[in-house]
Amino acid sequence: MTKTFMTPDIVAFNLAVTSKKQLLQSLSERLAHHGGLCERAVMDAVMKREKLGSTGIGDGIALPHATLPKVSATVTLLATLESPVEFDSPDGVAVDLVVLVLGCQEDSSSYLSSINTASQLLKTHGTALRDATDETAGRNMLDRLLTAAARHGGASAGNRMIA
């Protein structure tokens, strides 16, 4: 399998939200709009997964994820927040860095690989992403990080980053 890096399409830095629900709604709407999906279906899938347990992973990072039958390929949306929001993370730290992964039900390997890659990216480079002053700086930082990860074999083929 050829290794490629996840390609950022849209960057959402300093997203202004005040709650976990508002955050998930905003991310679901952006992802649905970009992917030509039903906003309600995306939000319902994300909330259904979130009800199983918080996808806050600690250190101010959340990794909400879900699958949908109408998704043709795994898509990933990255956002930094203007102000941290409570997310029921295990360490109790409010979230200000989020990646939403939406996968195809028929391709669990790509979906799981995207979750793994996003988790590694955020844990390793979260501070650099948070320090981006605007969307251009954020996109440039993300491009550098993902290109470096690709050179080291850190991202799977077929992953797309929508942020």
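Nothing here was measured: the structure is a model prediction, and the numbers come from that model.

Colleague: How should helix α3 (residues 108-130) be read in this particular structure?
Modeller: Since the α-helix turns once every 3.6 residues, residues separated by three or four places project in the same direction. At T124, α3 is deflected by roughly 65°, the largest bend along its length. Along α3, the residues classified as buried are S110, Y111, S113, S114, I115, T117, A118, S119, L121, L122, G126 and L129.

Colleague: Where do I start with the side chain of S28 in this structure?
Modeller: With respect to the helices and strands, S28 occurs in helix α1 (residues 20-35). Those residues in contact with S28, other than ones at most four positions away along the chain, are V42, M43, V46 and L100.

Colleague: In this structure, what is going on with the pairing of strand β6 (residues 75-85)? I would like to understand it.
Modeller: Each regular strand shows side chains that alternate between the opposite faces of the sheet. In terms of residue burial, β6 counts as a mostly covered element, since eight of its eleven residues are buried. One ladder, built from seven bridges, connects β6 with strand β7 (residues 95-104); its direction is antiparallel. Paired with V75 across the strands is L102, a residue of β7.

Colleague: Just to check I follow, could you spell out helix α2 (residues 39-52) for this structure?
Modeller: For α2, which comprises 14 residues, the first-to-last C-alpha distance of 21 Å matches the rise-based estimate of 20 Å (1.5 Å per residue) to within 8%. The elements touched by buried residues of α2 are α1, β5 (65-68) and β7.

About the criteria used
Residues numbered from 1 in each chain as written. Predicted model: local features only at pLDDT ≥ 70, side-chain atom pairs only at ≥ 80, totals over all residues. Heavy atoms only, no water. Bend = angle between axes of the 7 residues up to and from the residue. Helix = DSSP H or I, 4+ residues; strand = E, 2+ residues; numbered from the N terminus. Buried < 20%, exposed > 50% of the residue type's maximum accessible area, 1.4 Å probe, protein only. Contact = heavy atoms within 4.5 Å. Pairing = 2+ DSSP bridges. Expected span 1.5 Å × (residues − 1).

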